[in-house]
Amino acid sequence: MAEDRRERTAVGKAATESEPPRDVARADAGPVSLVTWTLATFDTALFVLLGVLVGHASGDLADLLAGLNTLVGVAVFCYLWALFVLAVRWVQSRVALGDAPPRTLVLHGVAAGCATGVAFLLGLLAVALVPTLQSGGVRLQAVVLVALIGAGVAAVVGGVVGLLASLLDIAVYGLAGYLLPENGTERVTEPRRR
C-alpha cells in the first residue's frame, strides 16, 4: 500500500483527477508493482470462476469444455490475465488507488474494461479466423462486419466488468489496508528486517 502511494507521488505530484501524471511513459516502463499483480490476478480468477459457474448453471459448460483442451484453456486464461494486468497497470498509472475518489477509479476502471473487452475479442477472433481466412473459407468483409459489431458488444460487456472489478478492487484494497496497517516507514509488501 505504501509502495503504491510512493510510486504515485514520485511519478506525478501534479496529477489531478482529470489530468494524468506528466511522466506516464516512464511509469509504464517500470516493473509491475505487487498491488497490480495481486489485483489483476484476483480479478482474472474471479472473472473466470464466475464464467464457469454461469456456464455450469446453464448446462452449457460440458459442451464448451468438450471442444477445448488444456493448452487452449491455459492460453486463453493467460491472455485474459495479461489483459487484466495491463488494464490495472493503466488505471494505476493515472490514479492512485488509495488516494483517488471512488468515482475517478470507477470511471478509469470502466474505460480500461472497455478496452480490455475489445482486445480480448479481437485476440480471439485473430486466433480463430486467421486460418479460415487463409484457406478462403470466409470473406474478409463478413469478418470485418462481425468484428465491428462484436467490438461494440465487447466494449459494453468489458465496461460492465471493469465497473464491477473496480468497485471490488476498491473494497479489497481498503480491506487490505485495514487488515494490514502500515508500521511506520515499513511497507507491508516487504519482509521484516532484523
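Everything quoted here is computed from the prediction, not taken from an experiment.

**Some words on the overall build of the protein chain**
For step 1, the next point in the chain: When you go through the protein chain residue by residue, the secondary structure sums to seven helices and zero strands.
For step 2, the next point in the chain: Its helices and strands taken in sequence order, the protein chain reads α-α-α-α-α-α-α from the N to the C terminus.
For step 3, the next point in the chain: Here the protein chain displays about 12200 Å² of accessible surface, and carbon together with sulfur accounts for 70% of that area.

**Description of the packing of aromatic side chains**
For step 1, the next point in the chain: Applying the stated criterion across every chain yields a total of three aromatic pairs.
For step 2, the next point in the chain: The interplanar angle of 20° and the centroid separation of 5.9 Å between the aromatic rings of tyrosine 79 and phenylalanine 120 together place this pair among those described as stacked. Of this pair, tyrosine 79 sits in helix α5 (residues 70-94) while phenylalanine 120 sits in helix α6 (residues 102-135), placing them 41 residues apart in sequence.
For step 3, the next point in the chain: Overall, the relative accessible area of 31% leaves tyrosine 79 in the partly exposed class.

**Some words on the packing of helix α3 (residues 34-58) against helix α7 (residues 140-179)**
For step 1, the next point in the chain: The N-to-C vectors of α3 and α7 enclose an angle of 125°; their axes lie 11 Å apart at closest approach. By the criterion of interaxial angle, the relationship of α3 to α7 is oblique. Considering only the axes of α3 and α7, their crossing is right-handed. Contacts between α3 and α7 involve Val35, Leu39, Phe42, Asp43, Leu46 and Phe47 from the first element and Val161, Ala165, Leu168, Asp169, Val172 and Tyr173 from the second.
For step 2, the next point in the chain: Residues of the contact of α3 with α7, tallied by class, amount to 10 nonpolar, no polar and two charged.

**Remarks on the nonpolar core**
For step 1, the next point in the chain: If you look at the biggest cluster of nonpolar residues, it comprises 15 residues, and the most contacted ones within it are Val35, Leu39, Ala40, Val91, Val95, Leu97 and Leu105.
For step 2, the next point in the chain: If you tally residues by element for this core, the top one is α5, at six residues.

**Looking at the side chain of serine 166**
For step 1, the next point in the chain: With respect to the element layout, serine 166 can be found in helix α7.
For step 2, the next point in the chain: A relative accessible area of 9% places serine 166 in the buried class.
For step 3, the next point in the chain: Ignoring sequence-local partners within four residues, the contact set of serine 166 consists of Leu105, Val106 and Gly109.

**Some words on the confidence of the model for the protein chain**
For step 1, the next point in the chain: Residues at a pLDDT of 70 or more form 77% of the protein chain, whose mean pLDDT is 78.
For step 2, the next point in the chain: Here residues 6-27 scores under 50 on pLDDT; set against residues more than four positions off or in separate chains, the count is 26 contacts.
For step 3, the next point in the chain: Low confidence marks residues 189-194, where pLDDT is under 50. Its contacts with residues over four positions away, or in another chain, come to six contacts.

**As for α5**
For step 1, the next point in the chain: Its 25 residues place the ends of α5 36 Å apart at the C-alpha level, agreeing with the 36 Å of an ideal helix rising 1.5 Å per residue.
For step 2, the next point in the chain: Looking at where α5 begins, the residue whose side-chain oxygen comes 3.2 Å from the main-chain nitrogen of leucine 71 is asparagine 69.

**As for a nonpolar patch on the surface**
For step 1, the next point in the chain: Taken together, the side chains of Leu64, Leu65, Leu68, Val72, Val76 and Leu124 define a hydrophobic patch exposed on the protein surface, amounting to about 470 Å² of accessible area.
For step 2, the next point in the chain: Looking at the nonpolar patch, the elements with two or more residues in it are α4 (61-66) and α5.
For step 3, the next point in the chain: With respect to the element layout, leucine 65 can be found in helix α4.

**Overview of the packing of α3 against α5**
For step 1, the next point in the chain: Running from N to C, α3 and α5 point in directions that differ by 135°, and their axes come no closer than 8 Å. Between α3 and α5, the angle falls in the class oblique. Considering only the axes of α3 and α5, their crossing is right-handed. Contact with α3, carried on its side by Val35, Thr36, Trp37, Leu39, Ala40, Thr41, Asp43, Thr44, Phe47 and Val48, involves Phe77, Leu80, Trp81, Phe84, Val85, Val88, Arg89 and Gln92 of α5 and no other residues of that element.
For step 2, the next point in the chain: Split by residue class, the contact of α3 with α5 holds 12 nonpolar, four polar and two charged.

Conventions and cut-offs
Residues numbered from 1 in each chain as written. Predicted model: local features only at pLDDT ≥ 70, side-chain atom pairs only at ≥ 80, totals over all residues. Heavy atoms only, no water. Helix = DSSP H or I, 4+ residues; strand = E, 2+ residues; numbered from the N terminus. Areas by Shrake-Rupley, 256 points an atom, 1.4 Å probe, with all protein chains shown as cover. Phe/Tyr/Trp six-rings, centres within 6.5 Å; stacked < 30°, edge-to-face > 60°. Buried < 20%, exposed > 50% of the residue type's maximum accessible area, 1.4 Å probe, protein only. Axes fitted to C-alpha atoms, helices over the stretch in contact; angles between N-to-C directions. Parallel < 35°, antiparallel > 145°, perpendicular 65-115°, else oblique. Left-handed = near helix turned anticlockwise from the far one by under 90°. Contact = heavy atoms within 4.5 Å. Nonpolar A, V, L, I, M, F, W, Y, C, P; charged D, E, K, R; others polar. Core = buried A, V, L, I, M, F, W, Y, C linked by side-chain atoms within 4.5 Å. pLDDT = per-residue confidence, 0-100. Expected span 1.5 Å × (residues − 1). Polar contact = N/O pair within 3.5 Å; in protein donor to acceptor, adjacent residues only side chain to side chain. Patch = residues over 30% accessible without salt bridge, like charges linked within 9 Å, V, L, I, M, F, W, Y side chains within 5 Å. Salt bridge = Lys/Arg side-chain N within 4 Å of Asp/Glu carboxyl O.

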